Amino acid sequence: MLLLQIPLAFYMVDQPIGPDKFSNYATHKSLGLLLFTVTALRVAWRLTHPAPPLPVAIARWQRVIARVTQVLLYVLMLLMPLTGLLRSQAANFPVSFFGLFTVPTLVGVNEEFSKGMSAAHEMQGSVLLVLISAHALAALHHHFFRRDDVLRSMLPGAGRRGQS
Ligand code: HEM
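As the structure is a computational prediction, the values presented were derived from the model and not from experiment. (Residues numbered from 1 in each chain as written. Predicted model: local features only at pLDDT ≥ 70, side-chain atom pairs only at ≥ 80, totals over all residues. Heavy atoms only, no water.)

Quick word on the overall build of the chain
To keep things clear, this is the line we draw: The secondary structure listing takes helices from DSSP runs of H or I that are at least 4 residues long and strands from runs of E that are at least 2 residues long, numbered from the N terminus. Between buried and exposed lies partly exposed: a residue is buried under 20% and exposed over 50% of the maximum accessible area for its type, with that area taken using a 1.4 Å probe on protein chains only. For accessible areas, the Shrake-Rupley method is used with a probe of radius 1.4 Å. Any residue's cover is judged against the shown protein chains and nothing else. In this tally, Lys and Arg are treated as positive and Asp and Glu as negative; His is ignored, and so are the chain termini. Charge positions come from single atoms, namely NZ of Lys, CZ of Arg, CG of Asp or CD of Glu.
Secondary structure assignment for the chain yields six helices and two strands. Each helix (α) and strand (β) of the chain, taken in turn from the N terminus, gives the series α-α-α-β-β-α-α-α. Summarising its shape, the C-alpha atoms of the chain cover approximately 55 × 30 × 25 Å along the three principal directions. Across the 164 residues in the chain, those meeting the buried criterion constitute 30%. For the chain, the accessible area works out to roughly 11000 Å², and carbon and sulfur atoms hold 70% of it. Both charge centroids of the chain, one from 14 positive and one from 7 negative side chains, sit 15 Å from each other.

What to know about the site of the ligand
Heads up, the condition is: Put simply, a residue is near a molecule or strand once any heavy atom of it comes within 4 Å of that molecule or strand. Here a polar contact is taken to be a pair of N or O atoms separated by no more than 3.5 Å, where protein atoms must pair a possible hydrogen donor with a possible acceptor and residues adjacent in sequence count only if both atoms sit in side chains. Lining residues are those with an atom within 4 Å of a point, where the points come from a 1 Å grid over the protein atoms alone and group into cavities, where a 1.4 Å probe fits but cannot get out, or pockets, open sets with protein on both sides within 12 Å along at least five of seven lines. Criterion for pocket placement: a molecule counts as inside a cavity or pocket if more than half of its atoms are within 2 Å of its grid points.
Residues in close proximity to the ligand total 23 residues, the closest being Ala9, His28, Arg87, Ser118 and His121. Arg87 places a polar side-chain atom, nitrogen or oxygen, 2.8 Å from an oxygen atom of the ligand. Contact between the ligand and Ser118: an oxygen atom at 2.7 Å from a side-chain N or O atom of the residue. With respect to the pocket detection grid, the ligand is positioned in the second largest pocket.

Let's talk about the layout of surface pockets
Stated precisely, the cut-off is as follows: Grid points are joined across faces, edges and corners, and a volume is the space filled by probe spheres set on the points.
In this structure, the largest pocket occupies an estimated 1900 Å³ of space. Around the largest pocket, the lining is made up of 47 residues, and of these Arg42, Gln70, Tyr74, His135 and Met154 lie nearest the centre. When contributions to the lining of the largest pocket are tallied by element, the ones reaching two or more residues are helix H1 (2–13), helix H2 (19–48), helix H3 (60–90), helix H4 (111–146), helix H5 (150–154) and helix H6 (158–161). It is H3 that contributes the most residues to the lining of the largest pocket, 12 residues altogether.

So, the coordination of the iron atom of the ligand
Angles between donor atoms at a metal ideally measure 109.5 degrees for a four-coordinate tetrahedral arrangement and either 90 or 180 degrees for a six-coordinate octahedral one. Note the cut-off: Because no water is among the atoms considered, metal sites can look incomplete, with donors defined as N, O and S atoms within 2.8 Å of the metal, or 3.2 Å for Na, K and Ca. Only four donors with every angle between 85 and 135 degrees are called tetrahedral; only four or six donors with opposite donors over 155 degrees apart and all others between 65 and 115 are called square planar or octahedral, in that order; all others are irregular.
Those donors, His28 (NE2) and His121 (NE2), are the protein atoms that reach the iron atom of the ligand, and they lie 2.0 Å from it. Each of the six donor atoms bound to the iron atom of the ligand contributes to angles spanning 87 to 179°, and the resulting shape is octahedral. One end of the pair, His28, is in helix H2; the other, His121, is in helix H4, and 93 residues separate them in sequence.

Quick word on H2
Operational definition: Expected span of a helix: the number of residues minus one, times 1.5 Å. Only heavy atoms enter the contact rule, under which two residues are in contact if any of them lie within 4.5 Å.
Under the 1.5 Å per step criterion, the end-to-end length of H2 is 44 Å for 30 residues, consistent within 8% with the ideal 44 Å. Among the residues of H2, Lys21, Asn24, His28, Ser30, Leu31, Gly32, Leu33, Leu35 and Thr39 are the ones counted as buried. Buried residues along H2 sit against H1, H3, strand S1 (96–97) and H4.

Looking at the packing of H2 against H3
Cut-off, in case you're wondering: Inter-axis angles, ranging from 0 to 180 degrees, are taken between N-to-C directions of lines fitted to C-alpha atoms, where helices are fitted over the stretch in contact. Throughout, a crossing is termed right-handed when the near helix is turned clockwise from the far one, and left-handed when it is turned anticlockwise from it by less than a right angle. Ten residue types, Ala, Val, Leu, Ile, Met, Phe, Trp, Tyr, Cys and Pro, are classed as nonpolar, four, Asp, Glu, Lys and Arg, as charged, and the remainder, Gly among them, as polar.
At a minimum axis distance of 9 Å, the contact between H2 and H3 shows a crossing angle of 145°. Crossing of H2 over H3 shows left-handed handedness. Two secondary-structure elements touch here, H2 through Lys29, Gly32, Leu33, Phe36, Thr39, Ala40, Arg42, Val43 and Arg46 and H3 through Tyr74, Met77, Leu78, Pro81, Leu82, Leu85 and Ser88. Along the lines of polarity and charge, the residues of the contact of H2 with H3 split into 10 nonpolar, three polar and three charged.

What follows is the structure, encoded as structure tokens:
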């Protein structure tokens, strides 16, 4: 979903004003709220089901970087929908969830606040992109260069297959 959400965001902001842009903004907002929901569920799952352990050969500093990156990824996936939502509502744009219902208003109309949230949302998007790239490159590095089980342990069903 994130791989759809981020390119859609960069595409929509540069579109000329019109029905297509409007519809892409609506999709971006709904998808963002769905992302928030599944991330919250994922975090709840992760807190009760620890991640598979990393191979013992991995140095301590690399474990620390991996952990910090993972935590930041979760924080941003929860924070971005909130800054996006607040930015829209403070600019007096009601936010609908796939046309099913309007999200309750969390903040009053406030132009300055909306601008601040917009800048935060944009900055968080850039950081998220860097983190996703680093995370994916590190996983590929483990798989193709270190030839360990790190990438395999990130895939669905890894817990059931067991770790080495
Ligand atoms: C995980 C969820 C989300 C991600 C990763 C995400 C990512 C992005 C990115 C990368 C941009 C382009 C930044 C720029 O160049 O200005 C953007 C723009 C935008 N996003 Fe999101 N977004 C998310 C959720 C949301 C939600 C839930 C809303 C509103 C309910 C929202 C509202 C907006 C708006 C209005 C813009 C246009 C730029 C602006 O005027 O601030 N986003 N988003």
